[in-house]
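Coordinate inspection notes
Below are the chains, spelled out letter by letter.
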Amino acid sequence: MTNRILADLLRLLDLERLEMNLFRGESRDIGSPQVFGGQVLGQALMAACRTVDDGRFVHSLHAYFLRRGDFDAPIVYEVDRSRDGASFTSRRVVAIQHGRQIFHMSASFQLPEDGPDHQASPPDVPPPEELPDLSVTVRRHLDRMPEQGRRYWELQRPFEFRSVEARTDGQPQPGLRHVWFRLIDRLPVEDPVMQRCLLAYVSDYHLLETATLPHGLSYSAGDVLLASIDHALWFHRPLRIDEWHLYALVSPSSSGARGLAFGRIFDRAGRLVASTAQEGLMRRKVISG
């Protein structure tokens with residue numbers, strides 16, 4: 001039997017089809033001020049995939065977050081079938097809520113094809129079995145957190161995270177982090193489309209947060225406001241999202257109240273399966289009292 005939290009996430013990504021190119025999805029409150037960006041990414045990608053012929057798989061997506069999403073209202077995804085070529089397919093997806101665009105995304109799909117193959121080497125870090133569960137570690141300090149951080153961390157997640165580096169709120173650290181992650185249970189079916197949609201979902205965790213490290217800021221401590229502006233994701237190789245993957249994160253810059261972060265995702269065998277990039281709003285908050 002599939003874990004109920006994972007089953008709920010799979011239902012969340014299984015959109016209702018309203019018309020040939022029109023889909024509707026629900027939302028979940030994960031403790032963030034707005035609809036989780038990874039949810040919108042995953043749902044938008046699923047909507048695009050539902051309009052693409054079998055055998056073509058997404059290799060890249062580029063998205064912009066335009067407005068905050070409302071947990072209590074459905075999100076409608078409208079897919080534009082931009083191009084169906086001999087090898088590549090292009091789609092554009094617009095997410096609509098309360099009659100306004102809140103998000104748009106372009107995605108490209110390709111038929112499998114052989115060619116030159118190389119990749120960066122994976123980082124040399126401890127395996128996940130030697131590291132504590134991040135949620136368990138953080139929840140030991142829930143009573144010290146403001147309401148914002150407490151709501152975020154006390155809710156159960158469909159993914160397990162184990163961080164190589166420990167972080168101390170208020171203490172500046174290098175903008176570099178390594179986090180192991182996997183689904184909390186096995187997927188009930190082998191579905192390469194769902195694998196990629198789930199990776200899109202989880203890729204939004206910890207990415208922008210890396211840009212806060214050099215400043216000693218923390219969303220959990222309530223001293224910074226974070227919101228995704230854009231998100232890019234490249235899929236390099238097939239993956240099994242219910243097995244351990246290493247998210248190697250780095251933030252090369254923050255300026256103008258924006259933080260920039262890049263990520264590389266390796267599987268347990270050291271294969272580079274995906275790369276990410278995100279820029280987001282990063283405003284320091286003044287804590288009164």
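As the structure is a prediction and not an experimental result, all values here were calculated from the model.

Thoughts on helix α2 (residues 37–49)
In a regular helix each residue adds 1.5 Å, so 13 residues correspond to 18 Å; α2 covers 18 Å between its end C-alpha atoms and thus fits that length. With 13 of its 13 residues buried, α2 lies for the most part within the structure.

A word on the packing of aromatic side chains
Under the counting rule described, the total for this entry stands at nine aromatic pairs. Feature note: the residues Phe 36, Phe 159, Phe 161, Phe 181, Tyr 201, Tyr 205 and Tyr 247 constitute an aromatic cluster, connected by ring pairs. Its end group placed over the ring of Trp 180, Arg 268 keeps NZ or CZ at 5.7 Å from the ring centre.

Description of unusual backbone geometry
Even without being a glycine, His 206 presents a positive backbone phi close to 70 degrees. By the element assignment, His 206 lies in the loop between α5 (192–202) and β9 (224–235). Unlike most non-glycine residues, Ala 257 shows phi in positive territory, near 65 degrees. For Ala 257, the position within the fold is in the loop between β10 (245–255) and β11 (258–267). Residue Ala 257 is classed as partly exposed on the basis of its relative accessible area, which comes to 34%.

Description of the nonpolar core
Soluble globular proteins tend to pack their nonpolar side chains together in the buried interior. Within the largest apolar cluster, 59 residues are counted, with the highest numbers of intra-cluster contacts made by Leu 45, Tyr 77, Phe 103, Met 105, Phe 159, Leu 198 and Ile 241. A per-element tally of this core places α2 first, with eight residues. If near-sequence neighbours (up to four positions away) are discounted, Leu 198 is found in contact with Leu 9, Leu 10, Leu 13, Phe 159, Leu 183, Leu 187 and Ile 241.

Topic: helix α1 (residues 4–13)
Most of α1 is tucked away, with seven of its ten residues classed as buried. Inspection of α1 places Ile 5, Leu 6, Ala 7, Leu 9, Leu 10, Leu 12 and Leu 13 among the buried residues, and these make up the whole buried set. Between the side-chain oxygen at the start of α1 and the backbone nitrogen of Ile 5 there is a gap of 2.8 Å, and the oxygen is on Asn 3.

A short note on the environment of Arg 56
Locating Arg 56 in the fold gives a position in the loop between α2 and β3 (57–65). Separated by 178 residues in the primary sequence, Arg 56 and Trp 234 have C-alpha atoms spaced 15 Å apart. Look past the residues within four positions of Arg 56 in its chain and what remains in contact with it is Gly 85, Ala 86, Ser 87, Phe 88, Thr 89, Phe 109, Gln 110 and Leu 111. Here the side chain of Arg 56 touches Phe 88 through a polar contact of 3.3 Å, landing on its backbone oxygen.

Re the state of the cysteines
Each disulfide is one covalent bond, formed between the sulfur atoms of two cysteines. This model, assessed by the stated rule, comprises zero disulfides. Here Cys 49 is not disulfide-linked; the sulfur of Cys 197 is the nearest cysteine sulfur, at 4.6 Å. Its relative accessible area of 12% is what places Cys 49 among the buried residues.

What about the side chain of Glu 209?
Looking at the element boundaries, Glu 209 is found in the loop between α5 and β9. Once residues within four sequence positions are removed from consideration, Glu 209 is found in contact with Arg 167, Arg 177 and Leu 226.

Re the environment of Asp 191
By secondary structure assignment, the location of Asp 191 is in the loop between β8 (176–183) and α5. Note on Asp 191: relative accessible area 26%, which makes it partly exposed. Taking the C-alpha atoms as reference points, Asp 191 and Arg 240, 49 residues apart in sequence, are found 9.6 Å from one another.

Here's the deal with the sheet that holds strand β12 (residues 272–284)
One open sheet holds the twelve strands; their spatial order is β1-β2-β4-β5-β6-β3-β9-β12-β11-β10-β8-β7, and the pairing between them is antiparallel. A strand with exactly one partner marks an edge of an open sheet, and here the two such strands are β1 (16–19) and β7 (159–163). Going from strand to strand, the sheet's axes swing by 25 degrees on average, the running direction of each strand aside. Strand direction decides the pairing type here: strand β5 (residues 88–97) and strand β6 (residues 100–110), joined by ten bridges, are antiparallel.

A short note on the packing of α2 against α5
Geometry of a packed helix pair, given as the angle between the helix axes and the separation of the axes. The geometry of α2 relative to α5 is characterised by a closest axis approach of 7 Å and an angle of 155 degrees between their N-to-C directions. Relative to α5, the element α2 lies roughly antiparallel. Between α2 and α5 the crossing geometry is right-handed. Contact residues: Gly 38, Gln 39, Leu 41, Gly 42, Leu 45, Met 46 and Cys 49 in α2; Val 193, Met 194, Arg 196, Cys 197, Ala 200 and Tyr 201 in α5. Considered class by class, the residues forming the contact of α2 with α5 number nine nonpolar, three polar and one charged.

About the cut-offs
- Residues numbered from 1 in each chain as written.
- Predicted model: local features only at pLDDT ≥ 70, side-chain atom pairs only at ≥ 80, totals over all residues.
- Heavy atoms only, no water.
- Helix = DSSP H or I, 4+ residues; strand = E, 2+ residues; numbered from the N terminus.
- Expected span 1.5 Å × (residues − 1).
- Buried < 20%, exposed > 50% of the residue type's maximum accessible area, 1.4 Å probe, protein only.
- Phe/Tyr/Trp six-rings, centres within 6.5 Å; stacked < 30°, edge-to-face > 60°.
- Lys NZ or Arg CZ within 6 Å of the ring centre and 35° of its normal.
- Core = buried A, V, L, I, M, F, W, Y, C linked by side-chain atoms within 4.5 Å.
- Contact = heavy atoms within 4.5 Å.
- Polar contact = N/O pair within 3.5 Å; in protein donor to acceptor, adjacent residues only side chain to side chain.
- Disulfide = S-S within 2.5 Å.
- Pairing = 2+ DSSP bridges.
- Axes fitted to C-alpha atoms, helices over the stretch in contact; angles between N-to-C directions.
- Parallel < 35°, antiparallel > 145°, perpendicular 65-115°, else oblique.
- Left-handed = near helix turned anticlockwise from the far one by under 90°.
- Nonpolar A, V, L, I, M, F, W, Y, C, P; charged D, E, K, R; others polar.

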